[in-house]
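Commentary on secondary and tertiary structure
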Amino acid sequence: MKTRILLLFSMLLFAFSARAQDPNFHIYLAFGQSNMEGHAKIEPQDTVAISERFKVLSAVECPDLDRKKGEWYTAKPPLCRCNTGLTPTDYFGREMVENLPDSIKVGIINVAVGGCKIELFDKENYKSYVDSAPGWLKNMVKEYDGNPYKRIVEMAKIGQKRGVIKGILLHQGESNTGDTLWPQKVKGVYDNLIKDLKLDPKKTPLLAGEMVSKEERGACASMNTIIAKLPEVLPNAYVVSSEGCTAVNDHLHFTAEGYRKLGRRYAEKMLEAKGFEGLEKEAPKGFDQKRENIAHGKLDSISYKSKTVGTTRKALIYTPPNYSENKKYPVLYLLHGIGGDEKEWLRGGNPQVILDNLYADRKAEPMIVVMPNGRAMKDDRAVGNIFDSTKVAAFANFEKDLLKDLIPYIEKNYPVKKDREYRAIAGLSMGGGQTLNFGLGNLDTFAWVGAFSSAPNTKTPKELVPDPEKAREKLNLLWISCGDADNLLPFSERTHEYLVKNDVPHIYYIELGVHDFKVWKNGLYMFAKMIFKPVDQSKFNDYSLLGKPASTNVGNAQYPQILPNGRAVFQVKAQEARDVKVDLGRKYDMDKKEEVIEYLKSSWIKIKKGSGKSPQILLVKGFIIIPFS
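The rules behind these values
- Residues numbered from 1 in each chain as written.
- Predicted model: local features only at pLDDT ≥ 70, side-chain atom pairs only at ≥ 80, totals over all residues.
- Heavy atoms only, no water.
- Disulfide = S-S within 2.5 Å.
- Helix = DSSP H or I, 4+ residues; strand = E, 2+ residues; numbered from the N terminus.
- Buried < 20%, exposed > 50% of the residue type's maximum accessible area, 1.4 Å probe, protein only.
- Axes fitted to C-alpha atoms, helices over the stretch in contact; angles between N-to-C directions.
- Parallel < 35°, antiparallel > 145°, perpendicular 65-115°, else oblique.
- Left-handed = near helix turned anticlockwise from the far one by under 90°.
- Contact = heavy atoms within 4.5 Å.
- Nonpolar A, V, L, I, M, F, W, Y, C, P; charged D, E, K, R; others polar.
- Expected span 1.5 Å × (residues − 1).
- pLDDT = per-residue confidence, 0-100.
- Pairing = 2+ DSSP bridges.

**Here we look at the state of the cysteines**
Here the structure, examined in full by the defined rule, presents one disulfide. At a sulfur-sulfur separation of 2.1 Å, the disulfide partner of Cys-62 is Cys-82. Its torsion about the S-S bond being -95°, the disulfide of Cys-62 and Cys-82 is classed as left-handed. Residue Cys-62 is located in the loop between strand S2 (54–57) and strand S3 (72–74), and its partner Cys-82 is located in the loop between S3 and helix H3 (88–99); the two are separated by 20 residues in the primary sequence. Classification of Cys-62 by relative accessible area gives buried; the value is 4%. As a non-bridged cysteine, Cys-80 has Cys-62 as the owner of its nearest cysteine sulfur, 9.3 Å distant.

Written as structure tokens, this is what we have:
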């Protein structure tokens, strides 16, 4: 009887433990020497805006920080020991939570010792290494009770009670510079961790960061050629580049800016290794180029009887690869511009190619696409004066033709899902205006609305959305995009501003471009991959590539621009700049992307130049730039 009670108790304890482990709490182990330990001074910007989803497990007792060994805390630095500095793990975690779903938390367990060789983490032989180490290193090792490897395992097992170990981060090698056996030694440590923590090596990537680069005159830059060989020894290992990560004067350690950049790169590499997609903000190169080695959809021409017009009308139909009449599909109605017809998208945009590629990359839900002639009149050709009032009126008349004639024809002759949740409408220019007019005017018919460079036929915002509450309830996605140099931009802008004022979720997307298919093809790519699947409205304001010129700009200056998410875009021509900071009382690093640099609102920027020239004040595109060496 006693045995049965103990067995039952053990089973209940196991069940409780299994429930306590959260699969959405992703834990990453970190180890190495001083650059992983944290050498740079922690700056004010590193201690604010830290998500509650980003945690650190304290690996040592830190009474001055109110931290106990083996307990989780919000990841405010220091993340290694009580008095260490900024590490790559700080911005690794920030970047991870920013790119992962809101349901996922990220935890860091960091055990590192400045100045150590990789031998310190050798489970079997660490003691002989410590015995011969200098006193200052022994003192750091004592903080881990003389065995840093054992401390990693101890803390990792505590972590596994709450979450799941997803990967390992390493930055070590300065003290092993020139050691060609380093990759094998790292593999030995990795293999022991995998065994001791009962991890699956196929699901547990190891990321190793490079030493300070040759570009930064790194004292151990030669070690990077040895680090590059690690994936040859350890198949699930990845190397994180240190190129462009600035260093301090000892040429061994990174600056705070360097750690931030390196940490983000660790995150980018981990997301790539784990198969997570970041927020894709624009179509990739080659998205509109036909691929021969993938499955292709089919284009057909159809004719349908229109009671609205009193004639037989034409449309193009795209069916996806592996189309089957035994399966039901959602439908996208794709509209053309004032000078086009049902073939305009085919001539200028190759939507079938864009969609085929999306399906091949598993980025879009298979759908039927209908490309009608949006000029609902008997002679619907795009000839003569296309701006004639009768022809313009025919575009408005198409609403009835679409709802009463075309949609019923499609639903009778094709295997489509007939619920509004599976019906989308999108269009360019005049078709963009139709999209907003018809889509927002018929929310019981359309749940997905995408307008690209909407034309003057677009109704006023109040006419489009007279009932904001209904729009919030009914719309799954409202997409409004335009090129920044398009003369028709004000029509999109006024709609966006009204929607913001009335708290109607939508994506307002501005990109470099004019009124042409470059903009419209990108719009189709972005819209098509988002429809007919769950969308995260909290990310809606993060998609736009450009924003609106700030109200404080001098003259007609286009920069700085304010993005929909409140961030700002600055354009600075400073090819020699190594680092860029924005000065808001304290200095914030800025991310440099060619000539566009993003960060929080400010009209003041400081540029750290690579040369030793004296500081000088410049006026660049309406705001003040202060270069300094």
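**Topic: the environment of Gly-163**
As for its position among the elements, Gly-163 is in the loop between helix H6 (148–160) and strand S5 (164–171). For Gly-163, a relative accessible area of 0% translates into the label buried. Placed 58 residues apart in sequence, Gly-163 and Lys-105 show a C-alpha to C-alpha distance of 9.1 Å.

**Quick look at the packing of helix H12 (residues 351–360) against helix H18 (residues 517–530)**
Two numbers describe how H12 lies on H18: the axes approach to 10 Å, and their chain directions differ by 40°. Here H18 runs oblique to H12, going by the angle between their axes. Viewed along their axes, H12 and H18 form a crossing whose handedness is right-handed. Together, Pro-351, Ile-354, Leu-355 and Leu-358 of H12 and Lys-521, Leu-524, Tyr-525, Ala-528 and Lys-529 of H18 make up the contact between the two elements. In the contact of H12 with H18, the residues fall into seven nonpolar, no polar and two charged.

**A word on H18**
Spanning 14 residues, H18 covers 20 Å between terminal C-alpha atoms, matching the ideal 20 Å at 1.5 Å per step. Within H18, 13 of the 14 residues are buried, which leaves it mostly tucked inside the rest of the structure.

**A word on the confidence of the model for the chain**
Per-residue confidence for the chain averages 89 on the pLDDT scale, and 87% of its residues sit at or above 70. Confidence drops under a pLDDT of 50 for residues 12–19, and excluding neighbours within four residues, the segment shows zero contacts in the predicted structure. Confidence drops under a pLDDT of 50 for residues 592–629, and excluding neighbours within four residues, the segment shows 114 contacts in the predicted structure.

**Comments concerning the sheet that holds S5**
With respect to topology, seven strands assemble into an open sheet ordered S3-S2-S4-S1-S5-S6-S7, the strand pairing being mixed. With partners counted over all chains shown, the strands left at the sheet margins are S3 and strand S7 (237–240), one partner each. Between one strand axis and the next, the sheet turns by 25° as a mean value, whatever way the strands run. Of the pairings in the sheet, the one linking S2 to strand S4 (residues 105–112) comprises three bridges and is parallel in character. Among the inter-strand pairings, Lys-55 is bridged to a residue of S4, identified as Gly-107.

**Some thoughts on the sheet that holds strand S14 (residues 477–483)**
Taking strand neighbours across the sheet as the criterion, the eight strands line up as S8-S9-S11-S10-S12-S13-S14-S15 in an open arrangement whose pairing is mixed. Among the strands making up the open sheet, the edge pair consists of strand S8 (298–306) and strand S15 (507–511). Direction aside, the axes of adjacent strands within the sheet are offset by 20° on average. Inspection of the sheet shows S14 paired to S15 by five bridges, in the parallel sense. Residue pairing for S15: Ile-480 is matched across the bridge by Tyr-508. This element, helix H13 (residues 389–413), spans S8, strand S9 (311–319), strand S10 (331–335), strand S11 (368–372) and strand S12 (423–428) of the sheet and lies at about 120° to S8.

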